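Observations on chain architecture
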Amino acid sequence: MDKLLIRGGRPLHGEVVISGAKNAALPELCAALLSAEPVTLHNVPRLQDVATMLKLIRNMGVTAERDDHGTVVLDAGALDKPEAPYELVKTMRASVLALGPLLARFGHAKVSLPGGCAIGSRPVDQHIKGLQAMGALITVENGYMNASLPEGWSRLKGTRITTDMVTVTGTENFMMAAALAEGETVLENAAMEPEISDLAEMLIKMGAKISGHGTSRIVIEGVQALRGCEHAVVADRIEAGTFLCAVAATGGEAFLRHGRADHLGAVIDKLVEAGAQVQAEEGGIRVHSQGRLKAQSFRTTEYPGFPTDMQAQFMALNLVAEGASIVTETIFENRFMHVNEMLRLGAQITTDGRIATVQGGKPLSGAKVMATDLRASASLVIAGLVAQGETLVDRIYHLDRGYDRMEAKLRGLGADIERVS
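Residues numbered from 1 in each chain as written. Predicted model: local features only at pLDDT ≥ 70, side-chain atom pairs only at ≥ 80, totals over all residues. Heavy atoms only, no water.

**Comments concerning the state of the cysteines**
Considering all chains together, one arrives at 0 disulfides under this definition. Note on C30: no disulfide assigned, nearest cysteine sulfur contributed by C229 at a separation of 14 Å. (Disulfide = S-S within 2.5 Å.)

**What about the sheet that holds strand β8 (residues 137–141)?**
Taken together, the 4 strands give an open sheet; going across it, the order is β6-β7-β9-β8, and neighbouring strands pair in mixed fashion. Where the open sheet ends on each side, the last strands, each with one partner, are β6 (83–84) and β8. Pairing of β6 with strand β7 (residues 108–112) involves 2 bridges; the strand directions are parallel. The residue bridging A84 from the neighbouring strand is V111, located in β7. (Pairing = 2+ DSSP bridges. Helix = DSSP H or I, 4+ residues; strand = E, 2+ residues; numbered from the N terminus.)

**Describing the pairing of β8**
As judged from the 5 bridges shared by β8 and strand β9 (residues 144–148), these two strands associate in the antiparallel manner. Bridging across to β9, V140 finds its partner in M145. Between β8 and β9, which follow one another and run antiparallel, lie 2 residues, and N142 among them has a positive phi close to 55 degrees.

**Notes on empty space enclosed by the protein**
What the rule picks out here adds up to 2 cavities of 30 Å³ or more. Forming the boundary of the largest cavity are A21, K22, N23, E195, D236, R237, I238 and R375. Secondary-structure elements contributing two or more residues to the lining of the largest cavity are α1 (22–31) and α8 (237–250). Per-class residue counts for the lining of the largest cavity are 2 nonpolar, 1 polar and 5 charged. (1 Å grid on protein atoms, 1.4 Å probe; cavity = no way out; pocket = protein on both sides within 12 Å on 5 of 7 lines; lining within 4 Å. Points joined across faces, edges and corners; volume = space filled by probe spheres on them. Nonpolar A, V, L, I, M, F, W, Y, C, P; charged D, E, K, R; others polar.)

**Notes on the packing of aromatic side chains**
Evaluated as defined, the whole model comprises 3 aromatic pairs. Ring centres 5.3 Å apart and planes at 75 degrees place the aromatic pair F298 and F314 in the edge-to-face group. In this pair, F298 sits in strand β18 (residues 298–299) while F314 sits in helix α10 (residues 311–320), placing the two residues 16 residues apart along the sequence. According to the relative accessible area criterion, F298 is buried, its value standing at 5%. Note on F314: relative accessible area 0%, which makes it buried. Here a set of aromatic residues connected by ring pairs shows up, and it is made of F298, F306 and F314. For K110, the ring lying beneath its charged end belongs to Y144, and the centroid distance is 4.7 Å. One cation-aromatic arrangement involves K157 over W153; the distance from NZ or CZ to the ring centre is 4.9 Å. (Phe/Tyr/Trp six-rings, centres within 6.5 Å; stacked < 30°, edge-to-face > 60°. Buried < 20%, exposed > 50% of the residue type's maximum accessible area, 1.4 Å probe, protein only. Lys NZ or Arg CZ within 6 Å of the ring centre and 35° of its normal.)

**Some points on the nonpolar core**
In this structure, M60, L74, L156, M175 and L203 are the most contacted members of the largest nonpolar core, which totals 77 residues. If sequence neighbours within four positions are ignored, M60 has contacts with L33, L79, D80, K81, E83, A84, A98 and L102. Formed by 69 residues, the second largest nonpolar core is a distinct cluster that contains V247, I285, A316 and A378. (Core = buried A, V, L, I, M, F, W, Y, C linked by side-chain atoms within 4.5 Å. Contact = heavy atoms within 4.5 Å.)

**Some details on the sheet that holds β18**
An order of β18-β19-β21-β20 is seen for the 4 strands of this open sheet, with the pairing classed as mixed. Edge strands, defined here as strands with exactly one partner in the open sheet, are β18 and β20 (348–352). Pairing analysis gives 5 bridges linking β20 to strand β21 (residues 355–359), with the strands arranged antiparallel. Following the sheet pairing, Q348 is matched in β21 by Q359.

**Some words on the side chain of T52**
You can see T52 is positioned in helix α2 (residues 48–59). Leave out the neighbours within four places in its chain, and T52 touches L88, T91 and M92.

**Looking at the side chain of T71**
Here T71 shows up in the loop between β4 (63–66) and β5 (72–75). In this structure T71 comes out as buried when scored by relative accessible area, which is 14%. At a separation of 2.8 Å, a polar atom in the side chain of T71 contacts the side chain of H42. If sequence neighbours within four positions are ignored, T71 has contacts with T40, L41, H42, E65 and R66. (Polar contact = N/O pair within 3.5 Å; in protein donor to acceptor, adjacent residues only side chain to side chain.)

**Examining the packing of helix α6 (residues 168–179) against helix α7 (residues 194–205)**
Following both chains from N to C, one finds α6 and α7 inclined at 10 degrees, their axes separated by 10 Å at the closest point. When the axes of α6 and α7 are compared, the pair comes out roughly parallel. Contact residues: α6 offers V168, T171, E172, M175 and M176, while α7 offers E195, I196, L199, A200 and L203. When grouped by side-chain class, the residues that make up the contact of α6 with α7 number 7 nonpolar, 1 polar and 2 charged. (Axes fitted to C-alpha atoms, helices over the stretch in contact; angles between N-to-C directions. Parallel < 35°, antiparallel > 145°, perpendicular 65-115°, else oblique.)

Structure below.
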């Protein structure tokens, strides 16, 4: 099993290219299932989750060709097996995104209940309720969601869907399903993440009629069929935020090419308050830090608030910043699993339920640590970059699910980091 060996204490300098967003690429690969015509996606990141999704849709009968430059050409014209089996989706929650497109285009689908990171409950009940509101008949049996249309129906029906909570994948599933539904669908309490807007823009290129994306109320007027399109996946704001924290924590300076400052407002505000310099420039974001940072308290919440996917990475920065900080996690109930590993590096953190108190400014020393989920992996890498001595991060298959060759990008910035077996 691969590990990352990090020799800390080096500031990061240079330029890094931010890859396409995992959380946009996965739903957009599923959106290709809505059309019988070829779809071309550019800027698709090299990630384990993307490889899993490609394997999943190929299993359905879709042809998917990928080159070495991030372009994937998909053709779902011969799709003959609208099913997502457990064996292919057990490691990836995003597999639920196949449900809406398959049901909308074929009138039936069988999708396994998904897996993914062990960071708390992420139920699919909102997906089921929303699709049922559009007329779908859905049963859950033997670990599978079996969906179909009522007898005599040829399409889902447009309706108003108000979810009990803000759900990103739920919003994406409903938006894709509604694109081929009969009549108008209104999504209230919709997620507002940039990845939602990017998916909407792709669907519009395919002929969908969508308005309001980027707000909490999205309106979709269903059409009879969608055509193929060409689309570039938006840059990954979480990867960009991770590199912002890494550079700031190590006291370096770097340019994040393709980074979108307008997608990272809450994170950048906290970095600036901490004492880092962050500026949007043409083609990316520049970050500069002298390494003398002030600890910042923050609370995770839905976009455009501070993202839960940046909580662990910013906590790592708070370890080297001066002063105490309080981190409140409101999205997932089990997302402090990185704390015990940070303690092995000499961190001073106490937790009480969803609240962590961090005493910063204490020296960290290298140790063997174990990644527990995707973003926890990234936080341990950042901590290892600032710790004295060697840090060995185990179970980095979590990291490979969401970061495109992270160690190579960090090495390009001057980090002493290598992948070892």
